[in-house]
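Below are the chains, spelled out letter by letter.
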Protein chains: 4
Amino acid sequence: MVTSKRLSSPSRPLAVGMIGYASMGAAHSQAWRTAHRFFDLPVVPEMRVVCGRTPGATADAAHKLGWQSWVTSWQEVVGRDDIDVVDICTPGGSHLEIAVAALEAGKHVLCEKPLANTVPDAEAMAVVAARAAEVGVWASVGFNYRRVPAIALARQLIEAGRLGRVRHIRAQYLQDWLVDPDYPLVWRLRKDEAGSGALGDIGSHIVDLAQFLTGQHLVQISGALDTFVTQRPLPHGSPTWTDGSEGSDGMGEVTVDDAAVFFGRTDEGALATFEASRFATGRKNSIRIEVNGSRGSFWFDFESMNELHVYDGTVPAAQAGFRRILVTEAEHPYIGSWWPPGHGLGYEHTFTHEIADFVLDVSAGRQPSPSFADGLAVQRVLAAVETSSRNASRWTPVQGAGA
Amino acid sequence: MVTSKRLSSPSRPLAVGMIGYASMGAAHSQAWRTAHRFFDLPVVPEMRVVCGRTPGATADAAHKLGWQSWVTSWQEVVGRDDIDVVDICTPGGSHLEIAVAALEAGKHVLCEKPLANTVPDAEAMAVVAARAAEVGVWASVGFNYRRVPAIALARQLIEAGRLGRVRHIRAQYLQDWLVDPDYPLVWRLRKDEAGSGALGDIGSHIVDLAQFLTGQHLVQISGALDTFVTQRPLPHGSPTWTDGSEGSDGMGEVTVDDAAVFFGRTDEGALATFEASRFATGRKNSIRIEVNGSRGSFWFDFESMNELHVYDGTVPAAQAGFRRILVTEAEHPYIGSWWPPGHGLGYEHTFTHEIADFVLDVSAGRQPSPSFADGLAVQRVLAAVETSSRNASRWTPVQGAGA
Amino acid sequence: MVTSKRLSSPSRPLAVGMIGYASMGAAHSQAWRTAHRFFDLPVVPEMRVVCGRTPGATADAAHKLGWQSWVTSWQEVVGRDDIDVVDICTPGGSHLEIAVAALEAGKHVLCEKPLANTVPDAEAMAVVAARAAEVGVWASVGFNYRRVPAIALARQLIEAGRLGRVRHIRAQYLQDWLVDPDYPLVWRLRKDEAGSGALGDIGSHIVDLAQFLTGQHLVQISGALDTFVTQRPLPHGSPTWTDGSEGSDGMGEVTVDDAAVFFGRTDEGALATFEASRFATGRKNSIRIEVNGSRGSFWFDFESMNELHVYDGTVPAAQAGFRRILVTEAEHPYIGSWWPPGHGLGYEHTFTHEIADFVLDVSAGRQPSPSFADGLAVQRVLAAVETSSRNASRWTPVQGAGA
Amino acid sequence: MVTSKRLSSPSRPLAVGMIGYASMGAAHSQAWRTAHRFFDLPVVPEMRVVCGRTPGATADAAHKLGWQSWVTSWQEVVGRDDIDVVDICTPGGSHLEIAVAALEAGKHVLCEKPLANTVPDAEAMAVVAARAAEVGVWASVGFNYRRVPAIALARQLIEAGRLGRVRHIRAQYLQDWLVDPDYPLVWRLRKDEAGSGALGDIGSHIVDLAQFLTGQHLVQISGALDTFVTQRPLPHGSPTWTDGSEGSDGMGEVTVDDAAVFFGRTDEGALATFEASRFATGRKNSIRIEVNGSRGSFWFDFESMNELHVYDGTVPAAQAGFRRILVTEAEHPYIGSWWPPGHGLGYEHTFTHEIADFVLDVSAGRQPSPSFADGLAVQRVLAAVETSSRNASRWTPVQGAGA
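The structure reproduced in this document is the subject of the present report. Since the model is a prediction, treat every value here as computed from it, not as a measurement.

Parameters and conventions
- Residues numbered from 1 in each chain as written.
- Chains lettered and ligands numbered in written order.
- Predicted model: local features only at pLDDT ≥ 70, side-chain atom pairs only at ≥ 80, totals over all residues.
- Heavy atoms only, no water.
- Helix = DSSP H or I, 4+ residues; strand = E, 2+ residues; numbered from the N terminus.
- Rg over C-alpha atoms; globule rule 2.2 N^0.38 Å.
- Buried < 20%, exposed > 50% of the residue type's maximum accessible area, 1.4 Å probe, protein only.
- Contact = heavy atoms within 4.5 Å.
- Areas by Shrake-Rupley, 256 points an atom, 1.4 Å probe, with all protein chains shown as cover.
- Lys, Arg positive; Asp, Glu negative; His and termini not counted.
- Charge placed at Lys NZ, Arg CZ, Asp CG, Glu CD.
- Buried area = accessible area lost by both parts, 1.4 Å probe.
- Salt bridge = Lys/Arg side-chain N within 4 Å of Asp/Glu carboxyl O.
- Polar contact = N/O pair within 3.5 Å; in protein donor to acceptor, adjacent residues only side chain to side chain.
- Nonpolar A, V, L, I, M, F, W, Y, C, P; charged D, E, K, R; others polar.
- Axes fitted to C-alpha atoms, helices over the stretch in contact; angles between N-to-C directions.
- Parallel < 35°, antiparallel > 145°, perpendicular 65-115°, else oblique.
- Pairing = 2+ DSSP bridges.
- Least-squares fit on C-alpha atoms with pLDDT ≥ 70 in both.
- Expected span 1.5 Å × (residues − 1).
- Bend = angle between axes of the 7 residues up to and from the residue.
- Phe/Tyr/Trp six-rings, centres within 6.5 Å; stacked < 30°, edge-to-face > 60°.
- Lys NZ or Arg CZ within 6 Å of the ring centre and 35° of its normal.

What about the overall build of chain A?
- Broken down by element type, chain A carries ten helices and 18 strands.
- Rg of the C-alpha trace for chain A: 22 Å, near the compact-globule value of 22 Å for 403 residues, within the 12% margin.
- Across its three principal directions, the C-alpha atoms of chain A cover 70 × 60 × 40 Å.
- Here chain A holds 403 residues, and 66% of them are scored as buried.
- Here the analysis covers contacts within chain A between residues at least 6 apart in sequence; of these, 71% occur between residues at least 24 apart.
- Carbon and sulfur atoms provide 50% of the accessible area of chain A, an area that totals close to 13,100 Å².
- If you average the places of the 35 positive and of the 45 negative side-chain charges in chain A, the two averages end up 5 Å apart.

Below, the structure written as C-alpha cells:
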C-alpha cells in the first residue's frame, strides 16, 4: 500500500499570462517556474497562458516553457478574468498598447525593457501606470541587471555612503554580433520595430544601472550614434512581430545605430560616460560599470557577475586596494535563498530575482521597482542622446530631469 | 469565450523518487524540474516522490522543491512500481544499501558522490551496477563538476590531442568553512557518517576531474592528511541521517581530515598534485585545475566557471599565451540549449546538465557517465591517500589501477 | 701584481645635457645611464650636464642622478659646443623657448610631453623642428608609453592588418591624487604653468597612443572638462619653475580641469572614447586602451604592463577568446635585450627604450618617432577638446587633421 | 665661459669584484650600477673588476656591464687588497671554493643561489661564514625574490600577526623551457654542474620564500622527482664553467630532475605544498605562493609582481574578499625610493633591492639577510626532497630543523 502523502495545490496562486515567448520569454518562464522554489513568496505564480502570433510555434513554446495554455491574441489574455499579471516580452513598439490595456483591465504588468520605443509612448505608459497604482495595480519594467547580487550590493554601499560623493560613473555595454557585414537585417536593426539599436537595446541597461546605483539622475547629455554597416542582407522571410512586408532577398537599410557613445552630468554633479556597441569584437555581453566617489569606488564586470570590486579610500595607502568580494555569501542580496558560499549564480537568476521581487512587492501592495517612471527616465536619457547626436553632439538637457 | 488551448500531459514521463532533500536534494530538484525545459529529452522527468526521515520537514521540502508526494521510508520508494529512477542524495554511508536495493528492484540509480565511504562498499555497488547494466538498468555517480561546460570543453581538447602528452595535472579544491574552531562538530566531521573529511567530500571531485579530463588513471599515490582542530563543540541536538547518540552539549572529537595533500603518477606517466582543504581562509569553493601537456595547457577556476584558459604551444612564441575562452557559445558543450553568447551559467546548471545527460543516456539504453566503476576508481585513489598517509606518506599503489 | 685590464673609454660618446631634474629627470637619467648597457648603440651617451634653477638642489640631483656637472642656466647648456643632445624635462610652458634655442644651436632635442601648453607654441616648435631636420638635427617628443613592449606589439598587430578595419578605440587614463580636497594647489593645477590639467598631463598620452596604435588621426571631437574642486590650499612657498608670486598661505583657484571626457572620430571612421581623470579613487596610474576591429581586438592595462590581450575574430567561435600574451619573449619588441621569458619589465624601462630608440635614430641620421609634428597633432586634439568643452560639447574639427 | 661645476668622486666607495657575468651577472651589474642612484647608501659601490674564464668574452662583458677592469682568475679577485666585496654569480658547484676563499681573505660575499650543490658544501660555507661574521666579514645568499616589494609586504603582514596561525603554504614555480625534447643538454641539466634540476634552480626559491614569509621552518618532507625526457642532444661545444669533456654531437643523459613535487610540515604545524617544473607549458616564470592562516590569507603571482592579494578573515562576510593591493605606494617596502603610485617595478629591481640591502647591512656592520645559514636551511630541505624521492616518497626529516 502506498503511503505517500500527495501534496495539495498551493492555496493562493498568482495567475500569469505572458505575451511573447522568444529569448526573453524563455528567461521569464524559467524565472516564473523557479522563483517560489527558492524564495519565500506569499503567493505562488501559476503560469496560466502564453501568447504568440503563430499557433504552432506558440503551442510548442507553451509546452517547452511550461505554460498551461496558449493563445494568439494578447487582447484575449488581457481580457481574461483569471489572469492577475501580464508579463510583456514583446519588442518595444508594442509595449504601449499592451501595457495600457492590461493596466486598465486591472492586471499588474511586468514589461520588458526598453519601456517603449519613443518618449511619448513611455510617457503615456507612465501616466497610466501612475493612475493604476492609485488603485493598487502595479507596473514595473524589466531592467534585470539591477538584480545581479553584486549590483544590488553596490547599490547598498552607495546608499550607506561608503563611496562618499560620486564623481565618476563609467559604463560600457559591449557586444559583437554585428561585426560580420553579412549578418542579416533582423528586426532589431530596423527603427520601426526596435526604436533604436545598441542605444535602446543595451545602452538602456547601463543608463538604468547608472541611475539606480547612484540614486542620481542624468540631467544633460552629449552623445553620438554611428552605424558602421548601413546595408545588410534581408532575412529570408523571417516573421517579425509587427507586420513586415519585406520578404524578398536582397539588401535593406539598417535604420538604427550600431554604436552609441555619450557622456552626461548628473543632478549631483557627477560626470558619467557611456558606450554601447554591437561592434566590439570579442566582447559578447560585456557590461562594465565603475563608480568613483570621494571616499571609495567599485567596479563590476558582468563576465564575472559573482564579483564586486570595492575600494575603500579611507584605508591607509599601504593597505588599500580593490577588494574582490565574491558575492556568494548568505549576507549578500538574494544569496541567502541559494547555495553555499562560492557557488555562483548565472544570467538567468537575474530574472528569478526580478520575478521574486515583483511578486513580493505586488503581494504586499507596494510599487515594484523599477517603476514605469524609472523606465521613462531612462527613455528620456536615450532621447537626449539621439537629440544630441542629431545636433552636433551638443549638450542636451534630459527632459523632466530638472538640473 | 476562452479559446486558449490546454496542453495535454507529456506522453512518456520518467518517474523519479529522490532520497534525501538537503542541499544536494535542492540542487537535484531544480535540475529535475528544469532539464526538459532546455534540453530535448525523449522523456519528461516526473518528480513523483521525495523521501526524508522527519515527516514535517520532508513534507515542507516536497512542497518547496516540487515533489508530488513524500514518504519517510526509502525502502518504500525503492519498492514502488511507479518509480523509474532513484536519485540518492544522502550521506555516503547509506549509499550502498539504498543503491543496491534500488538497482535490484530494477530502478535506474543516480547516486551522489562520493560513491561510498569505503572501498568495499564501493566495490559491492560497482558489482551490482555491472550486473544491473546487463539488463538495462543503469547506475551513475554524481560528479557534477564534469558538467561545467568549460570542463567538458577541456575534455574535448585533450581527447582531440590538443595538449599532446600530458605531463602535469595540478588540482586544488579549497574551502574555508572550518577555520573557526567554534564551528560545531557536524556530521561531515565524523568518520562514521562521512567516511572522510576534505578528502572524500571535495578531494573526490578533483580526483575525478583529473581522471576524467585526461582519460588517465592514477596508479600510485603519496599523501598526507591533517586535522588542525581536533575537538569541536557538539551541535545542539541536530538530527543526523544515521542514528547519532550524541545530543548533549560539550566537545567532541573530529575524526576526519581537515586537509589532504597528495601527489600521484598516472598510468601514462603524468605527475599530478592535489590539495583539498576546509582551512583555506578566503577560499569559498575554489576548484582549480591545470593540465600541462607537450603541445599545450589549460587551466580552470570554478570561481570563473564560464571561462577556460587554453595555451597552444604550437603557436609562435611572439603570439602565444593563454586564451581566455568564454564558454558561452552555442558551439560549446551544453550551451546551445541556453542563452546567447556572454550570458553565463551558474553552479546549479552543473546539475541540470547531469540530469539531462542521465535522462538521455538512460532513455537511449546506454551507460551514463560517470559509472559506478568510475566512482569506485575515485574511491580507490582516496583509499590510497589514506593508506599512504598512515604509512609515512610512502608511495602506495592504487588498487585495480594496473600501472 | 695586478693583471686586470683597465677598460678604455668608449670611442664615440653622445654628449647629453638635461634641463630639469624632477621626476621625469630622474626617469630620464636612469635611462641615459642604462640604455647602452642593454641595447647595442653605436654611440654611448655621456651625461655631461644637468640644469636646474636652484644651485644646491641641482648639485644634489647631479650627484644622485649621475651627471658629470651642473649649471643653473639652460641657455648655457644650449650654448655649449660639447653638447650633442638637449633633453628637456621641464614643465610644458618652457618647452618652446628651450627647444627652439637648442635646435637652432644644432642640438638634437628630446622634449617631454606635452609638446607645449598651447597649439601656437607647438606649431612654432614643429616648424623649427622641420627646418632642423633638413640639416640632420632631430627633435622628438617623449610619449614614453609607446615604448611599453605590449603597446609596441599591439602596433605591430594593427600594422599587419590583424585587427582589420578599426571600429572602436576606447582609452582611459585614471589617477586619484586629487581626491583629497586638501591636496595643495601645485603647479600642475595652474593653467599658466601647466596649460591644462588631466587633459594635457595624462589625456595627451592616451590621445597619442590612440593615434600611434591605429595609425589614424582624430578629425573631430566632442568633449567636456570638469573641475570638481575649484579652490585648494596654496602650497607653502614651494618653488615653481616659472616665477610664481603666490607664497602666502590661504586658498587659490584651480585653473585647470580635474577630469576630461571626450569622444571623437578618426579619418578612417573609427569611433574613439577617452577619459582622463585625477579623481578616479583607487586608480593610481591606470592606463587602459582597447581597440576593436573587424577582424580582431586587443586590450591593454598598464597595471599589467607586461601583458597584451589579443582576440582573433577569425578563429572559430568555440576556440575564440582573448589571448593573454605575456610580452616577455625575445621575439617581442625590445625584449631581446633584457631577461628570459616571464621576467617582466617596469615603468622605468619605457624610458630606457625611448632613449635607446632616440639614440639609434639620431645616430642613423633619421627622424626619431614621435616627431614634434606628432606632438603637435596631439596638441591639436587637446585644443579641440577644450574648444568643444567651451562650446557646449559641440563637435569640433581637429585643426590640420583633414577629414 | 663654461661655469658648470664638475662633481668630485664619492668619498667612500665600496669596491666590488664579480665572478661570472652571464644572466645573473648582468642582473647584478645593473643593480650595482643603480642601487645608489635610488637608495641612500652610506657608501657607493664601485664596480672594480669582473672575472670570467674566456678573455675576449670577459672583456666584452666588462665593457657592456660597466666594470672597470676584468680578469680570468677568480683567485686574483679574491686576493686583491682593493676589493671589499666578492659577488659570486657562477654555477653552484663552484660556490664553496670561491666563497670560502673570499671570506677568509676578509671580503664580504654575496653568493647566488642555491648556496651550493650539496649539503656538505653548504655546511662548510655556513661554518666559514659564521666565523667570518665574528670579525665583521659578512656573507649573504641571493634569494632575490624576497626583495619583490609585494613579498616584503606579505612578510610584514605575517610578522604583524595579520594572518594569525598559519595553516597552509602553497607554492609553485613553473617554467616550460624544457618541453621541447630537442632542447640541448645544457649545464643546468647535468648533476655534476647544477647539482639538481628544477628542484635546486627554482624549487630553492619557493622553499626560501615559504620559510622567509612565515618565519617557520620545514621539518619533514615527502617528495618525488621526475625526469620526463631522459636523453637530450649535446650542445655544440658550448663552454661550461667546469671542465666539461663532452664536445661531440649526439645525445647525452639528463641527470637532474625536470620536475619536483613535495609537501612538508613546518615546526609550527603548517602544511606546505610545493611544485617546481620546467615542463609547465605556457608558464614562463610563474612563481605563485599563497599562505592561509586562521585570521587571513594572501596570495602572490610573480606574473603580476606589483600586486599582493590579501584576505582579512576578521571582516564581516558580506564585505570580505581578497584585496588587490597595488604595491606601488611610498609606504610599501622599497617603493619610497622609486616612482609615484601605480608606476610598477620589474624583475631587475629585485636585484637592486638586494644590493641596496646588502650594502646597507654591510656598511652598518650587521648580518645581511638571507645568511649562509638560511641558504643552508634551504639546501637541507632540498636534500630531504631528494632523499624522500629515493625512498618511496617517505616522510624525511629535514636535517637540523628540530621539530
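A word on the interface of chain C and chain A
- Across the contact, 44 residues belong to chain C and 45 residues belong to chain A.
- Carbon and sulfur atoms make up 53% of the area that chain C and chain A hide from each other, which totals about 3,500 Å².
- At the junction of chain C with chain A, the criterion picks out six salt bridges.
- For R283 of chain A, the salt bridge is made with E290 of chain C, and the minimal N-O distance between the two is 2.8 Å.
- In this structure, the connection of chain C to chain A is made through 23 residue pairs in polar contact (both at pLDDT 80 or more).
- Per-class residue counts for the side of chain C that touches chain A are 18 nonpolar, 16 polar and ten charged.

Looking at the packing of helix α1 (residues 23-38) of chain A against helix α2 (residues 55-65) of chain B
- Contact pair α1 of chain A / α2 of chain B: the axes reach a minimum separation of 8 Å and the direction vectors enclose 160 degrees. As judged from the angle between their axes, α1 of chain A and α2 of chain B are roughly antiparallel. When α1 of chain A is examined against α2 of chain B, the residues H36, R37 and F38 of chain A are found in contact with a partner set consisting of H63, K64 and L65 of chain B.
- In terms of residue class, the contact of α1 of chain A with α2 of chain B is made up of two nonpolar, two polar and two charged.

A closer look at the pairing of strand β14 (residues 286-293) of chain A
All names here are of chain A.
- Among the eight residues of β14, seven are classified as buried, and the element is accordingly described as predominantly covered.
- Pairing geometry for strand β8 (residues 166-174) and β14, over eight bridges, is antiparallel. The partner of H168 across the bridge, within β14, is N292.
- Taken together, the five bridges between β14 and strand β15 (residues 296-301) define a ladder with antiparallel strand orientation. Residue R288 lies in a different strand from β15, and its bridge partner there is D301.
- Between β14 and β15, which pair antiparallel one after the other, the connecting turn spans two residues.

Side note on the interface of chain B and chain A
- Contacts between the two partners involve 53 residues from chain B, matched on the other side by 53 residues from chain A.
- Together, the buried faces of chain B and chain A total about 4,300 Å²; carbon and sulfur atoms form 53% of this surface.
- At the junction of chain B with chain A, the criterion picks out six salt bridges.
- Notably, a salt bridge pairs D40 of chain B with K64 of chain A, separated by 3.1 Å at the nearest N-O pair.

Details of the relation of the copies chain C and chain A
- With an RMSD of 0.0 Å, the fit of chain C onto chain A corresponds to turning through 180 degrees and sliding 0.0 Å along the axis. Seen this way, the second copy is the image of the first under a two-fold rotation axis. When C-alpha positions in chain C are compared against the rotation axis, the closest is assigned to R394 of chain C, at 2.2 Å.
- Most of the interface of chain C is mirrored in chain A, where 100% of its interface residues are also at the interface.

Regarding the relation of the copies chain B and chain A
- For the pair chain B and chain A, the superposition axis carries a translation of 0.0 Å, the fit reaches an RMSD of 0.0 Å, and the rotation angle comes to 180 degrees.
- Both copies share a contact surface, since 100% of the interface residues of chain B are interface residues in chain A too.

Some words on the pattern of salt bridges
- This structure, assessed with the given rule, holds 99 salt bridges over all chains.
- Notably, a salt bridge pairs R80 of chain B with D82 of chain B, separated by 2.9 Å at the nearest N-O pair.
- Take R80 of chain B: its relative accessible area is 8%, and that puts it in the buried class.
- Among the ionic contacts, a cluster of salt bridges with common partners joins E46, R48, R80 and D82 of chain A.

Side note on the environment of F279 of chain C
- Tracing the sequence through the fold places F279 of chain C in the loop between β13 (271-277) and β14 (286-293).
- Each C-alpha atom, one on F279 of chain C and one on D208 of chain C, is 22 Å from the other, the two residues being 71 residues apart in sequence.
- Sequence-distant contacts of F279 of chain C, that is, excluding residues within four places in its chain, are made with R167, H168 and N292 of chain A together with Q175, D176, L178, V179, F228, V229, R232 and D258 of chain C.

A word on helix α1 (residues 23-38) of chain D
Residue and element names in this part refer to chain D.
- Compared with an ideal rise of 1.5 Å per residue, which puts 16 residues at 22 Å, α1 spans 23 Å between its outermost C-alpha atoms and is within 8% of the ideal.
- The largest bend in α1 comes to about 30 degrees, at W32.
- A large share of α1 lies buried, amounting to 14 of its 16 residues.

Section: the packing of aromatic side chains
- Per the stated rule, a full pass over the model turns up 64 aromatic pairs over all chains.
- Judged by centre distance (5.1 Å) and plane angle (80 degrees), the ring pair of Y145 of chain A and F302 of chain A falls under edge-to-face. Taken together, the positions of Y145 of chain A in the loop between β7 (139-142) and α6 (149-159) and F302 of chain A in the loop between β15 and β16 (307-312) put the pair 157 residues apart, joining distant regions of the chain. The same class applies to Y145 of chain A and to F302 of chain A, which are both buried.
- The ring centre of F322 of chain C lies 4.4 Å from the NZ or CZ of R283 of chain A, which sits over that ring.

None of this, on its own, says anything about what the molecule does.
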